[in-house]
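Structural overview for review
Listed below are the residues making up each chain.
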Amino acid sequence: MRASRTAPIAALAALALALAASPARADDPASVLTTGAAGTDGANVVVGDVLNASVAAGTTANFATAAGGSTGVKCAVSAFTATVTDNPVAPGVAGESTTGHTFSSCTANIFGVTKVNSVTVNNLPFGTTVDSATGAVTVTGTDTAPIQTTLSGSTYKMLDSTRPVVGAQAVGIARAAYEFLLERIQSQTLHGTPMASHQHIMFELAEMHMEITASRMLAHRAAWMADHHLDNVSVASMAKAHAARTAQMVTTRAMVLLGDEALEPGHPVEKWYRDAKIYDIFEGTGQIQRRIIAKTMTGMNPT
Ligand SMILES: Cc1cc2nc3c(=O)[nH]c(=O)nc-3n(C[C@H](O)[C@H](O)[C@H](O)COP(=O)(O)OP(=O)(O)OC[C@H]3O[C@@H](n4cnc5c(N)ncnc54)[C@H](O)[C@@H]3O)c2cc1C
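Residues numbered from 1 in each chain as written. Predicted model: local features only at pLDDT ≥ 70, side-chain atom pairs only at ≥ 80, totals over all residues.

**Examining the environment of Thr 60**
Structurally, Thr 60 can be placed in the loop between β3 (50–54) and β4 (61–64). C-alpha separation for the pair Thr 60 and Val 77, spaced 17 residues apart in sequence, amounts to 6.7 Å. (Helix = DSSP H or I, 4+ residues; strand = E, 2+ residues; numbered from the N terminus.)

**Quick look at the environment of Ala 196**
Following the sequence through the fold, Ala 196 ends up in the loop between β12 (193–194) and α2 (199–227). We classify Ala 196 as partly exposed; it has 16 C-beta atoms within 10 Å. In this structure, Ala 196 is in contact with Ile 185, Gln 186 and Ile 201, ignoring residues within four places of it in sequence. (Buried ≥ 20, exposed ≤ 12 C-beta atoms within 10 Å, placed from the backbone. Contact = placed C-beta atoms within 7 Å.)

**Overview of the site of the ligand**
Inspection of the region around the ligand gives Ile 278, Ile 281, Phe 282, Gly 284, Thr 285, Gln 287, Ile 288 and Arg 291 as its neighbouring residues. Its residues assigned to classes, the shell around the ligand shows 4 nonpolar, 3 polar and 1 charged. (Near = placed C-beta within 6 Å. Nonpolar A, V, L, I, M, F, W, Y, C, P; charged D, E, K, R; others polar.)

**Brief notes about the nonpolar core**
If you look at the biggest cluster of nonpolar residues, it comprises 37 residues, and the most contacted ones within it are Ala 170, Ala 174, Ala 177, Ala 222 and Ala 247. Counting residues per element, the ones that place at least two in this core are α1 (157–187), α2, α3 (233–258) and α4 (268–276). If one sorts the elements of this core by residue count, α3 sits on top with 13 residues. Membership of the second largest hydrophobic core comes to 11 residues, among which are Ala 61, Cys 75, Cys 106 and Val 119. (Core = buried A, V, L, I, M, F, W, Y, C linked by C-beta atoms within 7 Å.)

**Digging into α3**
Helix length check: α3 (26 residues) gives 38 Å between terminal C-alpha atoms against 38 Å at 1.5 Å per residue, within 8%. Gly 259 occupies a position one or two residues after α3 and carries a positive phi of about 70 degrees. (Expected span 1.5 Å × (residues − 1).)

**Some thoughts on the packing of α3 against α4**
A pair of packed helices can be characterised by two numbers: the angle between their axes and the separation between those axes. Taken N-terminus to C-terminus, the directions of α3 and α4 make an angle of 150 degrees; their axes are 9 Å apart at the nearest point. When the axes of α3 and α4 are compared, the pair comes out roughly antiparallel. For the element pair α3 and α4, the recorded crossing hand is left-handed. Residues Ala 247, Gln 248, Thr 251, Thr 252, Ala 254, Met 255 and Leu 258 of α3 lie in contact with α4, whose contacting residues are Val 269, Glu 270, Trp 272, Tyr 273 and Ala 276. Its residues assigned to classes, the contact of α3 with α4 shows 8 nonpolar, 3 polar and 1 charged. (Axes fitted to C-alpha atoms, helices over the stretch in contact; angles between N-to-C directions. Parallel < 35°, antiparallel > 145°, perpendicular 65-115°, else oblique. Left-handed = near helix turned anticlockwise from the far one by under 90°.)

**So, unusual backbone geometry**
Along the chain, Ala 90 connects to Pro 91 via a cis peptide bond; the corresponding omega equals 0 degrees. Following the sequence through the fold, Pro 91 ends up in the loop between β5 (72–86) and β6 (93–108). Although it is not a glycine, Ser 105 adopts a positive phi angle of roughly 55 degrees. Summarising the element assignment, Ser 105 is placed in strand β6. Residue Ser 105 is classed as exposed on the basis of its C-beta count, with 11 C-beta atoms lying within 10 Å. Even without glycine at this site, Glu 283 takes up a positive phi of about 60 degrees.

**Focus on the pairing of β6**
Looking at chain direction, β5 and β6 are connected through 12 bridges and run antiparallel. Bridge pairing links Lys 74 to Thr 107 in β6. Where β6 and strand β8 (residues 126–131) come together, 6 bridges link them in antiparallel fashion. When the sheet's bridge partners are listed, Gly 95 is paired in β8 with Thr 129. (Pairing = 2+ DSSP bridges.)

**Examining the environment of Pro 125**
On the secondary structure map, Pro 125 appears in the loop between β7 (115–121) and β8. Exposure remark for Pro 125: the 13 C-beta atoms within 10 Å place this residue in the partly exposed category. The spatial distance from the C-alpha of Pro 125 to the C-alpha of Thr 99 is 7.5 Å, given a sequence separation of 26 residues.

**Description of α2**
Helical geometry: 3.6 residues make up each α-helical turn, so side chains three or four residues apart lie on a common side. With 29 residues, α2 ought to run about 42 Å at 1.5 Å a step, and its terminal C-alpha atoms sit 42 Å apart, in line with that. Three or more residues of α2 are buried, namely Met 208, Glu 211, Ile 212, Ser 215, Arg 216, Leu 218, Ala 219, Ala 222, Ala 223, Met 225 and Ala 226. Where α2 is buried, its residues meet α1 and α3. Count one or two residues on from α2 and you reach His 229, which has phi positive near 55 degrees.

Right, dumping it as structure tokens:
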């Protein structure tokens with residue numbers, strides 16, 4: 001699963017465009033903004049040109065989940081994009097409209113986010129002037145302007161860690177109902193003979209035991225893979241879906257085999273019967289788990 005969320009910019013350090021004013025050249029009246037390094041002759045920049053300027057080395061762009069907080073996304077590389085709006089002959093003052101800001105080498109320390117895929121700034125309301133007489137670069141704008149930044153990251157590993165746990169919970173419900181039923185079967189008679197001696201009861205018990213054991217092993221495998229940071233997308237879905245189905249099957253059959261007893265108010269098996277259904281719904285429904293499993297088998301992106 002991928003998640004996109006919008007976060008306010010908490011801090012952007014050193015937002016200065018590193019544009020330098022070049023001296024006038026002999027053959028052509030030089031504008032305030034020219035191409036090339038500072039102090040060298042270069043072609044005049046044309047109004048409408050788009051300039052890129054990296055922020056100073058060692059400067060990071062930080063996006064925090066709360067003002068002043070240390071949790072969020074940090075980008076080690078970023079650059080401004082500015083469109084030239086005015087570039088008179090030097091000496092003078094050139095103008096630019098800061099239209100974009102790109103980011104790379106980003107990391108996140110937000111729980112559940114394993115990777116930052118992209119950072120996109122949707123609008124920037126800043127203007128910049130460059131004075132060739134003083135070399136001053138002035139950025140104008142307001143830090144309360146509605147800058148919107150979209151962060152896209154990978155988060156699906158969180159579900160791959162929680163689905164084995166949810167599967168284990170469903171195994172617990174199935175096991176509880178099974179053990180309650182087993183105790184009754186071992187201590188009661190049916191039509192005058194021990195309940196456990198009836199073949200259809202044996203089949204029911206064997207079916208429940210097989211499914212519970214299989215669900216438990218799948219949950220163990222999915223959890224082991226998560227612990228070892230292995231790709232367990234499909235196995236986690238299998239563990240969760242299988243255990244949910246087992247919990248529903250076992251509690252439903254236990255209700256039937258216990259007969260009237262299970263309908264008594266407050267009976268534990270009746271409660272487990274009702275509890276079992278949610279395991280087919282939350283943390284991704286049974287249908288969604290099956291989509292993930294099938295997509296993995298066919299080489300499609302499961303998220
Ligand atoms: C009691 C309860 C507790 C919950 N607790 C939490 C919680 O703690 N945290 C949390 O984040 N959420 C929780 N949920 C929400 C739960 O995760 C969602 O209800 C569940 O994922 C289904 O999503 P939905 O309700 O949007 O249904 P929908 O996505 O609208 O699905 C409706 C039905 O359509 C099926 N369906 C949807 N898409 C497809 C498809 N592509 N192919 C085939 N079938 C499809 C679904 O399987 C489902 O049967 C809880 C829900 C309940 C009922």
